[in-house]
Amino acid sequence: MKLISFRARGADRFGAVVDDGVVDMTQRLAPEIATLRAALAADALPRMRALARATPDFALADVTLLPPIVDPEKIICVGVNYGLRNEEYKDGSAAPAYPSVFPRFPGSFVGHGQGLVRPRESGQLDYEGEIAIVIGRGGRRIAEADAESHIAGLTCANEGTVRDWVRHGKFNVTQGKNFDASGAMGPWLVTADAFDGFDELTVTTRVNGEVRQHDTTANLMFTFRRLISYISIWTTLKPGDVISTGTPVGAGVRFDPPRFLLPGDRVEVEVSGVGVLSNPVVDDAGAP
């Protein structure tokens, strides 16, 4: 099942995509459930599957897509997780024993089709295509053997990064990872039952149609199971939390010279079994 958060008729809603239509779950589950995050917390997916048989309320082309989870309590991103990424740093270091993690805030992501904003403070906006896990069942100190049962589904992510700003801090990358509207998620959340395991999924990033990144989860240093287990040791995972699982080699900063994003570029992130997240790049036109 494909689940979305969207804006239509002046209101934010959530629903299920059926062919080229959208079944609005907001009106069918209100008032007790008003967001997709709340639906996951209420274990409402079985009800939503039944409701998805209804006649669509909107054409998919007529709604504005938002990040699938618009109000996550936590977005936790994983760095240097594909096998070749560690070698990409050319520092001779051994493969890490533990994941590198950092937070992102909801406002740093836009939905499918919305503009990725290159901030006026930097010309170094970069792309990072990733697979993002959405937690469906929360927990603390989750065993690896049980971890996949906590996955509600997957979505595509562009973990957009302002490269010079990630170097402002000695021990963190938070600034360069959290510029407003610098990344994207979507177009939808595909529920876990649609996948025959998570160990051979592919992620591909294209810029203006050119493939820049491509890899498979078979090459992850830390599997989805390991990430969920490890992260849940130190923070309680809750329904709607997002874990972005790392990007393959080929980000723009690694080219010589670097190939950063420019206004007018289009970035596509494709994940097998999910679909394609597509966003144009625009310059910051907001208030000072």
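Residues numbered from 1 in each chain as written. Predicted model: local features only at pLDDT ≥ 70, side-chain atom pairs only at ≥ 80, totals over all residues. Heavy atoms only, no water.

**Q** Outline the overall build of the protein chain, supporting the account with residue identities and numerical values.
**A** For the protein chain, the helix and strand inventory stands at five helices and 19 strands. What you see for the protein chain is a C-alpha radius of gyration of 18 Å, in line with the 19 Å of a compact globule of 288 residues. Along the first, second and third principal axes, the C-alpha atoms of the protein chain reach 55 × 45 × 30 Å. In the protein chain, which comprises 288 residues, the proportion classed as buried is 53%. Taking the contacts inside the protein chain whose residues are at least 6 apart along the sequence as the reference set, 76% of them involve residues at least 24 apart. Accessible area of the protein chain: about 12,500 Å², with a carbon and sulfur share of 51%. (Helix = DSSP H or I, 4+ residues; strand = E, 2+ residues; numbered from the N terminus. Rg over C-alpha atoms; globule rule 2.2 N^0.38 Å. Buried < 20%, exposed > 50% of the residue type's maximum accessible area, 1.4 Å probe, protein only. Contact = heavy atoms within 4.5 Å. Areas by Shrake-Rupley, 256 points an atom, 1.4 Å probe, with all protein chains shown as cover.)

**Q** So what's going on with the sheet that holds strand β9 (residues 116-118)? Residues and values would help.
**A** Strands sit in the order β9-β19-β18-β15-β16 across an open sheet of five strands; the sheet is mixed. Lying at the two open borders of the sheet, with one neighbouring strand each, are β9 and β16 (210-216). Here the average twist between neighbouring strands, direction ignored, is 20°. Two strands pair when backbone bridges link them, and β9 and strand β19 (residues 275-283) are joined in this way by three bridges, in the parallel orientation. The residue bridging Leu116 from the neighbouring strand is Val281, located in β19. (Pairing = 2+ DSSP bridges. Axes fitted to C-alpha atoms, helices over the stretch in contact; angles between N-to-C directions.)

**Q** Describe the nonpolar core, with residues and values.
**A** Counting 53 residues, the largest nonpolar core has Leu154 and Ile228 as its most contacted members. With five residues, the top contributor of residues to this core is helix α5 (residues 224-234). Two domains each donate at least three residues to this core, and these are domain 1 (2-65) and domain 2 (75-283). Those residues within four positions of Ile228 in sequence are excluded, and the remaining contacts are Ile133, Ile135, Ile142, Ala147, Ile151, Leu237 and Ile243. (Core = buried A, V, L, I, M, F, W, Y, C linked by side-chain atoms within 4.5 Å. Domains from an automatic or database assignment.)

**Q** How would you sum up a nonpolar patch on the surface? Please name residues and give values.
**A** A cluster of nonpolar side chains, Val101, Ile233 and Trp234, forms an exposed patch at the surface whose accessible area comes to about 260 Å². Mapped onto the fold, Val101 is located in strand β7 (residues 100-104). (Patch = residues over 30% accessible without salt bridge, like charges linked within 9 Å, V, L, I, M, F, W, Y side chains within 5 Å. Salt bridge = Lys/Arg side-chain N within 4 Å of Asp/Glu carboxyl O.)

**Q** A description of the pairing of β16 should follow, citing residues and the corresponding values.
**A** For strand β15 (residues 202-207) and β16, the ladder comprises six bridges, and the chain directions are antiparallel. The partner of Thr202 across the bridge, within β16, is Thr216. Linking two consecutive strands that pair antiparallel, namely β15 and β16, is a turn of two residues; a positive phi of about 55° is found at Asn208 within it.

**Q** Which residues make up the domain arrangement of the protein chain, and what values go with them?
**A** What the domain assignment reports for the protein chain is domain 1 (2-65) and domain 2 (75-283). Listed per partner, the contact involves 13 residues of domain 1 and 15 residues of domain 2. Approximately 1,100 Å² of surface area, both sides summed, lies buried where domain 1 meets domain 2, with 68% of it carried by carbon and sulfur atoms. On the domain 1 side of the interface with domain 2, the three residues burying the most area are Lys2, Leu40 and Leu65, jointly 50% of the side's total. Where domain 1 touches domain 2, the interface holds one salt bridge. Among the secondary structure elements, those contributing two or more residues to the side of domain 1 that touches domain 2 are β1 (2-8), α2 (36-41), α3 (45-51) and β5 (64-66). In terms of residue count, the dominant contributor to the side of domain 1 that touches domain 2 is α2 (four residues). Partitioning the side of domain 1 that touches domain 2 into residue classes produces nine nonpolar, one polar and three charged. (Buried area = accessible area lost by both parts, 1.4 Å probe. Nonpolar A, V, L, I, M, F, W, Y, C, P; charged D, E, K, R; others polar.)

**Q** A description of unusual backbone geometry should follow, citing residues and the corresponding values.
**A** Each neighbour pair has its own omega, and for Gly186 with Pro187 the value is -5°, a cis peptide bond. With respect to the helices, strands and loops of the structure, Pro187 is situated in strand β14 (residues 183-191). The linkage connecting Asp256 with the following residue, Pro257, adopts the cis geometry, with an omega of 0°. Notably, Asp43 is not glycine yet its phi reads approximately 55°, a positive angle. In this structure, Asp43 sits in the loop between α2 and α3. Positioned with a positive phi, Val80 is a non-glycine residue whose angle comes to about 50°. Here Val80 shows up in the loop between β6 (75-79) and α4 (83-88). Owing to a relative accessible area of 17%, Val80 belongs among the buried residues under this scheme.

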